[in-house]
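Analysis of the macromolecular model
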Amino acid sequence: MTAPESNQSVESLKDDIQRHVALTLGSDPFPPRKERYYLGLCYSVRDRLLGQWLETQRSYYDSITKRVYYMSLEFLPGRFLMNYIQALGMEEECREAVRDFGLDLDELLEEEWNPGLGNGGLGRLASCYMDSMATCKIPGYGYGILYDYGIFYQTIVNGYQHEGCDNWLRQDSPWVLRRGHFMFLINFYGRSEAYEDSAGHERFRWVDTESVMAMACDIMVPGHQNGHVTNMRLWKAISTRDFELEHFNRGDYIGAVQSKVESENISKVLYPNDTSPRGKELRLRQQYFFVAATFQDILRRFRKNNYSSFDCFPDQVAVQLNDTHPAISIAELMRILVDDEALTWETAWTICQKTFSYTNHTVLPEALETWSVELIGRMLPRHLQIIFEINRRFLDDVGKRFPGRVDLLRSLSLIAEDDGKQVRMAHLAIIGSHTVNGVAELHSKILKARLFKDFDNLYPGKFTNVTNGITPRRWLMQANPALSELIGSVIGNEWIHDLSHLSELAAYADDPEFQQRWQEVRKRNKKLLARYVLRKLGVGINPATLFDMHIKRIHEYKRQILNVLHVITIYNRIRSGSVAHHVPRTLFFAGKAAPGYLQAKLIIKLINAVGQAVNGDPAVGNELRVVFLPNYCVSQAEKLIPAADLSEQISTAGMEASGTGNMKFALNGALTIGTLDGANIEIREVVGEDNFFLFGHTEEDVHRLHSGGYDPVQIYESNIELKKALDMISTGFFSPEAPSLFRPIVDSLLAHGDYYLVLADYAKYVAEQARVSKCYEDPALWTRMSILNTANMGKFSSDRAIMEYARNIWKVSPLT
Ligand code: BZD
C-alpha cells in the first residue's frame, strides 16, 4: 500500500471507530475511553469482514459444491479481534488509528473476553480446524451450541480451585450475529406411533412431543488474507410460543415463565467434564438439540439446490462427528429419511454411511459415552426404536458372518447389558460412518489393535489416522510476534500459509548470530511473561531461570503429580546441599479440574501447597519457584507458550490420544520432556531424538504392567528420594494444618495400585530432568535444539490435517 492510500485507510478507520462509538453504542466519543473504543474498533473490523463473508457464502451456492459440516459440541476460538485484524492484513493501520486516539492496540485487545465454549483439546482442535478450513478454502461450516455460560472461571482460594460463572455474553459480543429468521423447531419426549400409509405400509411418527426453538447465531471465521470467510453456526435455545400459551391459558403466569426458562436452559451452560461423561439428561438434550437443528439446516440447504433425489445427498454433504457427542445424528438422519422422506431402510442406511465420519479422541474407558436405554427411550422414543433396528440388522449380519460367536455379538452390540442397558455411542458412530479416525498414529493403532479390534476385523479399511494439527496463524504469528518477525527476516513469510517452509530455518541452527537473535527473542518473551505473572499473582519470577511448563487440564493420566514429585525431589536436594547439575527453574502449572473430580482438585491444592513451601523457604532462594496460574484459557496459553523453555508432556503412554499443546510448545521453540505417547512420538520423529527429552515406559510396557505384576510399593521402598517425597506429602509437610490432607493422593499411588504408573516412571523422569538441566547449561546447544524444534514442525500445521480430511475422508476440494 502506498503512503497516501495507507493514510486514507487509517483516517477512514478512525471515522468508523468514532461513528460506531456514537451511533452503535450511543456513547460520546470524547474523551476516548478504552472499553468503548475497543468496541468501536470491533464493529469497524467486523464491517470489513462482512462483505467477504457474504461473498464466500454466495460462492458456495454458485459452485454447487460438496460441503463439510464439522459438528462439535465444543469450540475454543480464543479472542477474535487480533485474529480478524491479521486476517484482513490491517494490523499497522489499526495500531496507528488507535494510537491517534491516545490508545494502545495491545491494551484494547485485552478488553476481549475469551469465549470458553469448550473444555480443552477437543474444542481447541475444532477451532484450529475452522481456521484451516477457511485458509485452505474448504467449503464448509462449523456447527455447535452458543452456551450462555462457558467453561467455569477458575480462581484459587487458599490453594483450592473455586468455580465461578463465565457469563461471557453478559455484554453482547460484537462477534455473534443473531439470525432471528433461522429458527427451527426441535422436539423431545412424546412417543412413537405406528400407522399405515396409503400404500398399506407400516410407518412411524413421533407425536405428543414437547418442543423448543433453535435460533442460529453466526460467528465469522476468516482465512488468512485470502478473502474467504467460513461460518460457525451456534444454536441458541428459545422457548416456543405454544409452550408458554398453554400455561397462560390456564392462568398460570409463573408456570408459563418457568417453562420458558426451563426450555431455554438447553443452551445455558457447557458441561465442564473433559473425560468422564455423566449420564445427565440435560447433556443428552443439548446433544439432540444441536443435532436436530443442524440437520434441519443441512436439509434446508440441500433442498434449496432442487435435488430430485436423496441418492445424491452424500455427494453434497459430508458430516464429521467430533467425538461421539453428536453421534445421535445417525439416528436422526435415519428418522428424517425413513419417516419424513419415506425412503426404504436400506436406502437410508446407505446414505447415512456415506455421509458420516467419526473422530475418536480418547481410549480411556471411562470417557466412552453411553446413554441409558431408559433415558433415550423417554426423551427420544423414535430414535431408540431406530437404534434398536440398526442393532438388530447389524447383529444379524455379524451372526451370519461369524456363526456361533456369541462373545463377538456381545462385544460389538450397540447395547451394553452389564450395567443396566446402555447405548454405546461409539459403536453407533462406528457402524454409521464410512471412516473412523484416531488423532495420532499411536492412538489410531490402539483403536485398531485394542479398543475397537473386533470392528476393525469386521470392516477392514474403515479405521484410519489423521494426526492432529494446530494453526500457525494463532499459535505462532499471533502469539509470538517477535519470533515470527525473526523467522520472517531470514526465510520470508510463506510459512504462514505453508508451515513446511520452516525447515529452511535448520540452516541457521548453528549460526552464532542467528542463535543470539533467537535467544534475545526468547528472553524478551520471558520478561513479558514475568511481568504478567507479577501483575496477576504479585509473585516475582526471574526470567533468567529455566521456564518449565505443565499447562493443560488437571487429570491423573496427565500426571501433574509426577512433575510435583520431581519438584519436591529438587527441593530436597537443594535443602540438603546436593545439587548436581541444578539449574534454577521456574515451574508453571495451569489448568482446570472438572468440578466433580475431587482427586484432580486435590492435586491443584497440592501444587499450590508445594509452591508455598518452596517459594517461602529462604534456603531455596532463586533456585526454584512454583507458580500456579489461575483460569487457564486460550489467551493465557498465548502468553505462556512463547516464553517456555521446557514443555511437560508426561502422560502415561497410551493414554493421551494426541495432545496439541505439545505441538504449540515445540513450534515456539520449547524443548519437550515427554513419554512415547500421542503425538509426542511423531514430534520426536521429526525434530530428531537428540532434540527431545524422552523417558518412561512404552504403551506396550503399560499394557503388560496393567496385566499384572506391577508393585508400586516395592518401587517406593527401594528409592530413597521417592520415598522421602511421598512421605512428606502423606505426613503433612505441605499441609501442617491438616497433616492427612493429601493422603488420598499417596493412597492412589501406593494402596490403590498406581494405575497411571507414576512410580514406575519416576526414576527415569528425574534422570531425564537432570539431562535437561545439563543441556540448558550449554546455551549454544540448547538454542540449536530449540531452533531445530521450530524448524521441523511443518507437519503439525492444521492446514495439513484439514487437507488430509478433505482428500481422504470428506472427498472435497478447495474452492479456487
Ligand atoms: O482431544 C482431547 C484429548 O485428550 C487430546 O489428547 C487430543 O489432543 C484432543 C484433540 O484431539 N480430548 C478432549 O479434549 N476431550 C474433551 O475435552 C471432552 C469434552 C467433553 C466430553 C468428553 C471429552
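Quick notes on the rules
Along each chain, the written sequence defines residue order, and numbers are assigned to residues from 1. Restriction of local features to residues with pLDDT of at least 70 applies here, the model being predicted, together with a cutoff of 80 or more for giving and counting side-chain atom pairs; totals for whole chains, interfaces and linings are based on all residues. Heavy atoms from the whole structure form the basis of all side-chain values; hydrogens and water molecules are not counted. Note on pairing: DSSP must find at least two bridges between two strands before they are called paired. Each helix corresponds to a stretch of at least 4 residues labelled H or I by DSSP, and each strand to a stretch of at least 2 residues labelled E; elements are numbered beginning at the N terminus. Take the buried Ala, Val, Leu, Ile, Met, Phe, Trp, Tyr and Cys residues and link them wherever side-chain atoms come within 4.5 Å; each set so joined is a nonpolar core. Burial here depends on accessible area, computed with a 1.4 Å probe over protein chains only, as a share of the maximum for the residue type. Under 20% is buried, over 50% is exposed, and the range in between is partly exposed. For the purposes of this description, domain bounds are those given by an automatic or database domain assignment. Whether two residues touch is decided by their heavy atoms; if any such pair falls within 4.5 Å, the residues are in contact. A helix is expected to reach a length of 1.5 Å times the quantity of its residues less one. Fitting one axis to the seven residues ending at a residue and another to the seven starting there, the bend at that residue is the angle between the two axes. UniProt positions are given in the numbering used here, feature names are shortened, and annotations may be inferred rather than shown by experiment. Seen with its strands pointing away from the viewer, a crossover is right-handed when the path leading from the first strand over the helix to the second is clockwise. Nonpolar side chains (Val, Leu, Ile, Met, Phe, Trp, Tyr) are joined into patches within 5 Å and like charges within 9 Å, using only residues with over 30% relative accessible area and no salt bridge. Only the protein chains shown count as cover for residues, with accessible areas throughout obtained via the Shrake-Rupley method and a probe of 1.4 Å. Between Lys or Arg on one side and Asp or Glu on the other, a salt bridge is scored when a side-chain nitrogen of the former is within 4 Å of a carboxyl oxygen of the latter. In this description, buried area is defined as the sum, over both parts, of the accessible area (probe of 1.4 Å) that is lost when the two are combined.

Describing the sheet that holds strand β13 (residues 415-416)
Hydrogen bonds between backbone atoms are what pair the strands of a sheet, whose relative direction is either parallel or antiparallel. Taken in spatial order, the three strands make up an open sheet running β12-β14-β13, and their pairing is antiparallel. Across the chains shown, the open sheet's two edge strands, defined by having one partner strand only, are β12 (370-372) and β13. Here β13 runs beside strand β14 (residues 422-424); their pairing, made up of two bridges, is antiparallel. Across the sheet, residue A416 finds its bridge partner in β14, namely Q422.

Here we look at the nonpolar core
Formed by 153 residues in total, the largest nonpolar core has its most connected members in L41, I186, F188, F289 and W810. A total of eleven residues in this core trace back to one element, the largest contributor, which is helix α9 (residues 281-304). Per-domain counts for this core show at least three residues from each of domain 1 (1-22 + 36-63 + 80-113) and domain 2 (64-79 + 114-468 + 803-810). Beyond its immediate sequence surroundings of up to four residues, F188 is in contact with W206, T209, E210, V212, I266, R285, Y288, F289, M379 and L380.

Topic: helix α2 (residues 34-63)
With 30 residues, α2 should cover 44 Å at 1.5 Å per step; its first-to-last C-alpha distance of 43 Å lies within 8% of that length. Taking the largest bend as the criterion, α2 deviates by roughly 30 degrees, centred on L49.

So, the UniProt feature "modified residue: N6-(pyridoxal phosphate)lysine" (unreviewed entry) in the protein chain
Feature annotation in UniProt assigns "modified residue: N6-(pyridoxal phosphate)lysine" (unreviewed entry) to the following positions: K664. In this structure, K664 sits in helix α25 (residues 661-667). Look at K664 and you get buried, because its relative accessible area is 7%. In this structure, K664 is in contact with R124, I470, W475 and I641, ignoring residues within four places of it in sequence.

Observations concerning the pairing of strand β19 (residues 624-629)
It is a general feature of regular strands that their side chains alternate between the two faces of the sheet. Summarising burial for β19: six of the six residues are buried, a large majority. Every second residue of β19 is oriented toward a common face, with L624, V626 and F628 on one face and R625, V627 and L629 on the other, all of them buried. Direction of pairing for strand β18 (residues 585-590) relative to β19: parallel, over a ladder of six bridges. Counterpart to F589 in the pairing with β19 is F628. Note on the crossover from β18 through helix α23 (residues 598-615) to β19: the handedness is right-handed.

Structural notes on a nonpolar patch on the surface
Together, F248, Y253, I254, V257 and V261 give the surface a local cluster of nonpolar side chains, amounting to about 470 Å² of exposed area. Counting residues per element, the nonpolar patch draws most heavily on helix α8 (residues 253-264), which supplies four residues. In this structure, V257 sits in helix α8.

Some remarks on the domain arrangement of the protein chain
Accessible area lost on assembly of the parts is the figure often given for the size of an interface. Here the domain parsing of the protein chain yields domain 1 (1-22 + 36-63 + 80-113), domain 2 (64-79 + 114-468 + 803-810) and domain 3 (472-793). When each unit is reduced to the centre of its C-alpha atoms, the spacing between domain 2 and domain 3 is 35 Å. If you look at the interface, domain 2 gives 44 residues, while domain 3 gives 47 residues. Roughly 3,600 Å² is buried in total at the junction of domain 2 and domain 3, and carbon and sulfur atoms are behind 53% of that figure. R450 is the partner of E699 in a salt bridge, and the nearest nitrogen-oxygen pair spans 2.9 Å.

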